[in-house]
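# Structural characterization, general
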Amino acid sequence: MSYPVFKEIVGQKNATFPEVGTIQNTNLDLGEDGVVGLKTGNLAHIGNMAIAAYRNVDHKRVLVIGMVLGQYGQNDGASLHAALEAGKSLITSAGGE
């Protein structure tokens, strides 16, 4: 997250590509509660997520980065939802916004 170009890319809510069009970021928490990015991913009903958010910890603003792997669901949507919820829980447990 210390590289401006990387931070800009992972913080986008959508991106437009030639011949493909606009693709929406599946991290629905992006821009909410201090969440500034990273990556979601699904593979055969397994949801994964890397999440980054700014939190206030001991009166200091810090960047908290968490990783969630292997969240299962009956379909890709359910597994992604489980990964998003687990990621949000990780960030919340790190401290208040």
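Report follows, based on the coordinates. (Residues numbered from 1 in each chain as written. Predicted model: local features only at pLDDT ≥ 70, side-chain atom pairs only at ≥ 80, totals over all residues. Heavy atoms only, no water.)

## Thoughts on the overall build of the protein
- Counting its regular elements, the protein contains 2 helices and 5 strands.
- Here the protein has a C-alpha radius of gyration of 14 Å; the compact-globule value for 97 residues is 13 Å, and the two agree.
- For the C-alpha atoms alone, the extent of the protein along its principal axes is close to 45 × 35 × 20 Å.
- When burial is assessed residue by residue, the protein has 28% of its 97 residues classed as buried.
- Taking all contacts inside the protein whose residues are at least 6 apart in sequence as the whole, residues at least 24 apart take part in 42%.
- Summed over its atoms, the accessible surface of the protein is roughly 6,300 Å², and 57% of this surface lies on carbon and sulfur atoms. (Helix = DSSP H or I, 4+ residues; strand = E, 2+ residues; numbered from the N terminus. Rg over C-alpha atoms; globule rule 2.2 N^0.38 Å. Buried < 20%, exposed > 50% of the residue type's maximum accessible area, 1.4 Å probe, protein only. Contact = heavy atoms within 4.5 Å. Areas by Shrake-Rupley, 256 points an atom, 1.4 Å probe, with all protein chains shown as cover.)

## Thoughts on the sheet that holds strand 4 (residues 46-57)
- Spatially, 3-4-5 is the arrangement adopted by the 3 strands of the open sheet, whose pairing is antiparallel. Unpaired on one side and paired on the other, strand 3 (35-43) and strand 5 (60-72) mark the two borders of the sheet. Taken pair by pair, the neighbouring strands of this sheet meet at an average axis angle of 15°, ignoring direction.
- The pairing of strand 4 with strand 5 spans 11 bridges and is antiparallel. If you follow Y54 over to strand 5, its bridge partner there is L63.
- Contacting strand 3, strand 4 and strand 5, helix 2 (residues 76-93) runs over the sheet at an angle of about 25° to strand 4. (Pairing = 2+ DSSP bridges. Axes fitted to C-alpha atoms, helices over the stretch in contact; angles between N-to-C directions.)

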